[in-house]
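What follows is the residue order along each chain.
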Amino acid sequence: MVGMKELLSKFEKLIAEGDRMFSRGDYSGAYESYLNALYSLAAIVVYRSTGMLVPPERLPGFLGGFPELEDAIRRYSGSALGEEKVRSLREELERLRGMMSLPSSER
C-alpha cells in the first residue's frame, strides 16, 4: 500500500528528473515531469485530507478546498510548450509546495 512517504518520494523524484531534463534543454521531458509532479502534489493534498489515493483524472473533483492547486492543473494541462512555460510551471510547483507546507527543493 502506498503511503505519504512514498507519495513525497515520488514527488521529489519527479522534480529532480524535471530539473535534470530542463538543464539539458529537454523542455518537453521537463514539462512532462513537472506536470506529473503537479498531479503528485495534488494526490498528496487529497491523501492528507481524505486518507484516499485518487487517480489523476479524478483529482480535480477533490481539490475544492485548494483552488490554487486546481487552477494550476487546469492552466498547465494541455498547454503549449516552450522554455518559459516550463520555467513557469517549475516556479508554480515551488509556490504550491510552500502553500502545502512541503519542504522546498534545492535548485
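Student: Before we move on, could you go through the nonpolar core and cite the residues and values that matter?
Tutor: Grouped together as the largest cluster of nonpolar side chains are 30 residues, with contacts concentrated most on Leu38 and Leu69. Elements represented by at least two residues in this core include exactly α1 (4–23), α2 (27–50), α3 (67–76) and α4 (83–99). A per-element tally of this core places α2 first, with 12 residues. Contacts of Leu69, omitting those with residues within four sequence positions, involve Leu38, Leu41, Ala42, Val45, Leu63, Leu96 and Met100.

Student: So what's going on with the pattern of salt bridges? Residues and values would help.
Tutor: Where charged atoms from two side chains of opposite charge come close, those side chains can pair. Going through the model one piece at a time under the given rule, you end up with nine salt bridges. Note that Glu92 is salt-bridged to Arg75, the shortest N-O span being 2.9 Å. With Glu92 in helix α4 and Arg75 in helix α3, the pair connects residues that are 17 residues apart, well separated along the chain. Each of the salt bridges in this network shares a partner with another, and the network as a whole consists of Glu12, Asp19, Arg90, Glu94 and Arg97.

Student: Quick rundown of the packing of α2 against α4? Include the residues and the values.
Tutor: Look at α2 against α4: their axes get within 10 Å of each other, and the N-to-C directions meet at 25°. On the basis of their axis angle, the class for α2 and α4 is roughly parallel. As α2 runs across α4, the sense of the crossing is left-handed. Where α2 abuts α4, its residues Tyr27, Ala30, Tyr31, Tyr34, Leu35, Ala37, Leu38 and Leu41 lie against Glu83, Lys85, Val86, Leu89, Arg90, Leu93, Leu96 and Arg97. Classifying every residue of the contact of α2 with α4 gives 12 nonpolar, no polar and four charged.

Student: Report on α3, specifying residues and quantitative values.
Tutor: Of all the residues in α3, the buried ones are Leu69, Ala72, Ile73 and Tyr76. Projection of α3 onto a plane perpendicular to its axis shows the buried side chains occupying an angular sector of 100°, all on one side. For α3, the elements touching its buried residues are α2 and α4. Looking one or two places after α3, you find Gly78, whose phi comes out positive at around 75°.

Student: Quick one: what's the story with the packing of α1 against α4, residue by residue and with numbers?
Tutor: The interhelical angle for the contact between α1 and α4, taken along N-to-C directions, is 150°, at an axis separation of 12 Å. Regarding the angle of α1 to α4, the classification is roughly antiparallel. Where α1 crosses over α4, the handedness of that crossing is left-handed. Within the contact between the two elements, α1 uses Phe11, Glu12, Ile15, Asp19 and Phe22 and α4 uses Glu83, Val86, Arg87, Arg90, Leu93 and Arg97. Each residue belonging to the contact of α1 with α4 can be placed in one class, and the counts come to five nonpolar, no polar and six charged.

Cut-off values and rules
Sequence positions are assigned chain by chain, starting from 1 and proceeding in written order. Totals for whole chains, interfaces and linings use all residues, but because this is a predicted model, local features are given only for residues with pLDDT of at least 70 and pairs of side-chain atoms are given and counted only at 80 or more. Derived side-chain values reflect all non-hydrogen atoms in the structure, with water molecules and hydrogen atoms excluded from consideration. The term nonpolar core refers to a set of buried residues drawn from Ala, Val, Leu, Ile, Met, Phe, Trp, Tyr and Cys, joined through side-chain atoms within 4.5 Å. Per-residue accessibility, obtained with a 1.4 Å probe over protein chains only, is compared with the maximum for each type, and a residue is labelled buried under 20%, exposed over 50%, and partly exposed between these values. Helix and strand labels come from DSSP, where a helix needs a run of H or I of at least four residues and a strand needs a run of E of at least two; each type is numbered from the N terminus. Note on definitions: a residue-residue contact is assigned when non-hydrogen atoms from the two residues lie within 4.5 Å. Salt bridges are counted wherever a side-chain nitrogen of Lys or Arg sits within 4 Å of a carboxyl oxygen of Asp or Glu. Helix axes are fitted to C-alpha atoms over the stretch in contact, other axes to C-alpha atoms as well, and angles between N-to-C directions run from 0 to 180 degrees. Geometric relationships in this document are graded by angle, where less than 35 degrees denotes roughly parallel, more than 145 denotes roughly antiparallel, 65 to 115 denotes roughly perpendicular, and other angles denote oblique. It is the rotation of the near helix from the far one that decides the hand of a crossing: anticlockwise by less than a right angle makes it left-handed, clockwise makes it right-handed. Lys, Arg, Asp and Glu make up the charged group, whereas Ala, Val, Leu, Ile, Met, Phe, Trp, Tyr, Cys and Pro make up the nonpolar group; the residues left over, Gly among them, are polar. Our arc is simply the arc of the directions from the helix axis toward the C-beta atoms.

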